[in-house]
Structures are given as C-alpha cells and as structure tokens.
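Observations on the three-dimensional arrangement
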Amino acid sequence: MKTSWRSASLVASAAAVLALTTACGQDKATDTSSQNVGAAAPAAGGYGSVGGTAGAAGTAGAGTGTGTDTGADTGTDTAAGNGAEANGEQAAAGNSAAAGQLNVVTNAKIGKVLASGSGRTMYRFDADTAEPPKSNCDGDCATAWPPVPADDVSAGTGVDAALLGEVTRSDGSKQLTIGGWAAYYYAKDTSPGDIKGQGVGGKWYGLAPDGKKATLAAQPGLSTRNDPKLGTIVVDKNGMTVYRFLKDKAWPKPVSACVGACLEKWPVVEPVAFKSTKGIKEKGYMNFTRPDGAEQQTLNCSPIYTFINDKKPGDTNGQGVGGTWYAVAPDGKLVGAPNQ
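Keep in mind that what you see is a predicted model, and the values were worked out from it rather than measured.

What follows covers the sheet that holds strand β16 (residues 302-303). The strand order β14-β15-β16 describes an open sheet built from 3 strands, whose pairing is antiparallel. In the strand order of this sheet, the two ends are held by β14 (287-289) and β16, each with one partner. Here strand β15 (residues 295-299) pairs with β16 via 2 bridges, running antiparallel. Residue pairing in the sheet places T298 in a bridge with P303 of β16.

Here is the structure:
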C-alpha cells in the first residue's frame with residue numbers, strides 16, 4: 001500500500017422590571033441575555049435542557065433517552081494519560097478485524113467520520129504523530145483501542161485512496177493510517193454507528209476522511225431553517241424546531257402556562273445570549289424565571305419550547321398539536337396559527 005504522510009445573570013432592581021415591560025409592550029429592543037423577571041429562585045435541575053453534547057433537543061425534561069449517543073465515555077484513563085482503560089478489560093475477539101471498504105458516515109454530533117465496512121467507527125489519538133506517522137498506543141492502550149490493520153483495506157465513496165497508508169507498530173504489525181494518522185477502533189463500541197470513544201481522555205476523536213479530527217463547528221444557540229411547508233422557522237443549536245404555546249402570555253411580562261406534566265413533552269428552551277443567535281429578531285428577546293425556578297428563553301417576550309416527539313433535526317411533529325402549539329418565526333410570531 002502506498003503511503004502518503006501529508007496530510008447572563010439576575011438583575012435584582014426595579015429598573016430591570018421596567019426594562020422588561022418596555023421590551024414586551026413597545027418597540028424598543030432589549031438584549032436580555034442576562035435579564036430576568038420573576039422570583040429569583042434557584043434553577044430547577046433537569047428543566048428545559050435543550051443542549052447537551054449531542055442528541056436531539058428536548059429530551060431532558062422527560063428523560064426518554066431519544067437523543068444520540070453522547071460518546072462522552074468517562075472511564076478512568078491510565079496514569080500515563082493515554083486514554084486506555086485501567087481496569088484491565090480485554091478486547092473481544094475480532095476487535096482488530098480488517099476494515100474492508102472504508103465508508104464515510106455522518107453523525108449528528110461529530111459530522112463526517114470514517115467507518116469500516118461493518119460500520120465500526122474509526123478514531124485517532126492526539127499522542128500519535130502524522131509526520132512521520134507513529135503510533136504511541138501499545139499494551140493496555142491497544143486493548144481499549146485496537147489498531148485497524150493495514151491489510152484488506154479499500155477506499156469507498158468519499159474516501160481519497162491517496163490518503164491511505166500504513167505504519168509499522170512496535171510489535172511489527174502494520175496499522176492503517178489516514179493522512180498519516182494511525183487508525184483505531186474502540187473496544188466499547190459494540191454496535192455499528194457507536195461513537196462512544198469521542199473525546200475520551202480529551203485525546204481520542206473520530207477520524208475524519210481527511211485524517212483530521214471529526215468535529216462540528218459550534219452552532220448558534222438559536223438560528224433559523226427554511227422548512228418546505230412552514231417557511232422560515234426558529235431552531236435550537238441542535239437543529240430542533242422551536243415552538244410557542246397559545247395559552248402562554250407575553251405582556252406585560254412572560255408567563256408560561258406549560259407546567260408539570262406538560263414540561264415532559266414540551267421542554268423549555270434555556271436562556272441563550274443574543275450574541276449566540278443567528279437570524280433572530282432582537283425585539284423582546286429576553287429570559288425570565290419560571291415559578292419552578294428554571295430560566296426560560298423568550299422570543300418577542302413569548303416563552304419558547306422544543307417538542308419531545310421531534311426525533312431529529314427538521315422534524316415539526318409539534319406543529320398544530322392540540323390547536324395550541326406552533327412553530328416560531330424569527331420575529332417570535334407563531335407560524336400557521338389561526339386568528340393570531
């Protein structure tokens with residue numbers, strides 16, 4: 001095989017309340033990424049999580065586990081910091097199986113990543129080098145992170161064959177390299193598509209088709225998407241549709257009518273600094289304190305939510321539910337709601 005080495009915070013004053021009333025009832029825009037109204041109670045844990053390291057937004061309120069595997073394995077690493085499992089776990093037979101035809105798969109968390117013909121995610125190790133190629137994962141490390149053999153490998157669609165190479169390991173075996181970086185599997189990835197090794201020890205990352213780390217650029221906390229049926233609507237940082245509830249109130253201050261069991265299906269959108277948004281109108285953009293103590297974001301002073309039955313970016317399963325839930329436009333208005 002030819003080798004290629006190239007490769008904010010509570011404002012406890014009457015002035016804050018006055019500013020909110022102005023923003024919710026008049027035209028003056030107020031950046032309230034750090035402004036709240038209501039009781040200064042401590043935030044209630046578990047309410048309204050729309051972030052997380054991966055997975056579809058809106059899973060936190062109900063705990064249904066509908067998000068994508070976070071891959072944030074927190075197992076103990078070796079004292080040497082090589083990310084190997086210290087408990088002596090032995091890799092199952094076949095962990096170093098030949099890769100076959102390499103495939104490029106797209107993961108919601110890390111973007112495009114290489115996988116073997118059987119769907120096993122490939123990783124790279126920050127302690128290795130690409131110029132010249134060198135693997136620094138041996139012993140227990142190689143048990144937790146089995147090297148991908150260099151034999152019986154071919155480039156599938158989206159993979160540049162010129163980037164495929166090999167490196168000789170300390171035991172004399174040949175390991176596959178991509179753009180000079182040695183390729184590994186992760187012993188705890190037990191099913192095709194698993195990415196449990198992503199970020200382990202702060203040194204292990206999915207292997208992108210060009211040999212670089214597979215990572216997604218940070219997404220805005222709130223942005224917009226052009227839906228073929230609804231037009232331009234607001235989405236959260238995970239691309240999940242944002243909704244409003246007709247029974248809520250926006251003036252003279254935000255009031256949420258979604259409480260108790262309602263929150264299990266409609267998790268609140270937590271505060272997002274306005275500077276972390278894209279395409280969102282600033283008028284009435286603020287957060288407020290709910291009766292349960294949790295902080296919630298508003299658009300045009302109206303509380304906003306996600307929907308637990310939206311399983312992936314682009315879903316709009318909450319649109320029109322009960323005749324009271326509707327997607328939100330960038331100016332905070334309801335999309336498709338009658339008599340608004």
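Relative to the helices and strands, P147 resides in the loop between α2 (140-144) and β6 (153-155). A relative accessible area of 13% means that P147 is categorised as buried. Spatially, the C-alpha atom of P147 lies 4.4 Å from that of Y184, the residues being 37 residues apart in sequence. If near-sequence neighbours (up to four positions away) are discounted, P147 is found in contact with S96, A142, R169, Q175, A183 and Y184.

Simply put, disulfide is the name for a covalent bond between the sulfur atoms of two cysteines. Scanning the entire structure with this criterion turns up 2 disulfides. The partner cysteine of C137 in its disulfide is C141, sulfur to sulfur 2.0 Å. Looking down the S-S bond of the C137 and C141 bridge, the torsion is -110 degrees, so its handedness is left-handed. Here C137 falls in the buried class, since its relative accessible area comes to 0%. Taking the relative accessible area as the measure of exposure, C141 reaches 0% and is therefore buried. What pairs with C258 in a disulfide is C262, and their sulfur atoms sit 1.9 Å apart. Note on the C258 and C262 pair: the S-S dihedral is about -105 degrees, so by sign convention the disulfide is left-handed. Given the relative accessible area of 0%, C258 is considered buried.

Another point: the confidence of the model for the protein chain. Put simply, the protein chain has an average pLDDT of 77, and 71% of its residues get 70 or more. The model gives residues 1-23 a pLDDT under 50, and that stretch makes 58 contacts with residues more than four places away or in other chains. A low-confidence stretch, residues 25-94 (pLDDT under 50), is modelled with 170 contacts involving residues beyond four sequence positions or located in other chains.

The next subject is the side chain of D128. Looking at the secondary structure, you find D128 in the loop between β3 (123-125) and β4 (129-130). Lacking a salt bridge, the buried D128 has R169 as its closest oppositely charged neighbour, with an N-O distance of 6.7 Å. Of note is the side chain of D128, whose polar atom sits 2.6 Å from the backbone nitrogen of N136. Of the polar contacts made by the side chain of D128, one reaches the side chain of Y184; its length is 2.6 Å.

A separate point is the pattern of salt bridges. A full pass over the atoms with the stated rule returns 6 salt bridges. Across the pair D138 and R169 runs a salt bridge whose closest N-O atoms are separated by 3.1 Å. Residue D138 is found in the loop between β5 (133-134) and α2, and its partner R169 is found in the loop between β7 (164-168) and β8 (174-178); the two are separated by 31 residues along the sequence. By relative accessible area, which is 9% here, R169 ends up buried.

A few words now on the nonpolar core. By size, the foremost hydrophobic cluster in this structure holds 17 residues, and its most contacted members are Y123, C137, W145, Y184 and W204. When residues of this core are traced back to their parent elements, those giving at least two are β3 and α2. Counting 15 residues, the second largest nonpolar core, distinct from the first, contains L114, A130, L164 and Y185.

Let's shift gears to the side chain of D194. Looking at where D194 falls in the secondary structure, it is placed in the loop between β9 (181-182) and β10 (204-206). In terms of polar contacts, D194 uses its side chain to reach the backbone amide nitrogen of S191, at 2.9 Å.

Parameters and conventions
- Residues numbered from 1 in each chain as written.
- Predicted model: local features only at pLDDT ≥ 70, side-chain atom pairs only at ≥ 80, totals over all residues.
- Heavy atoms only, no water.
- Pairing = 2+ DSSP bridges.
- Helix = DSSP H or I, 4+ residues; strand = E, 2+ residues; numbered from the N terminus.
- Buried < 20%, exposed > 50% of the residue type's maximum accessible area, 1.4 Å probe, protein only.
- Contact = heavy atoms within 4.5 Å.
- Disulfide = S-S within 2.5 Å.
- pLDDT = per-residue confidence, 0-100.
- Lys, Arg positive; Asp, Glu negative; His and termini not counted.
- Salt bridge = Lys/Arg side-chain N within 4 Å of Asp/Glu carboxyl O.
- Polar contact = N/O pair within 3.5 Å; in protein donor to acceptor, adjacent residues only side chain to side chain.
- Core = buried A, V, L, I, M, F, W, Y, C linked by side-chain atoms within 4.5 Å.

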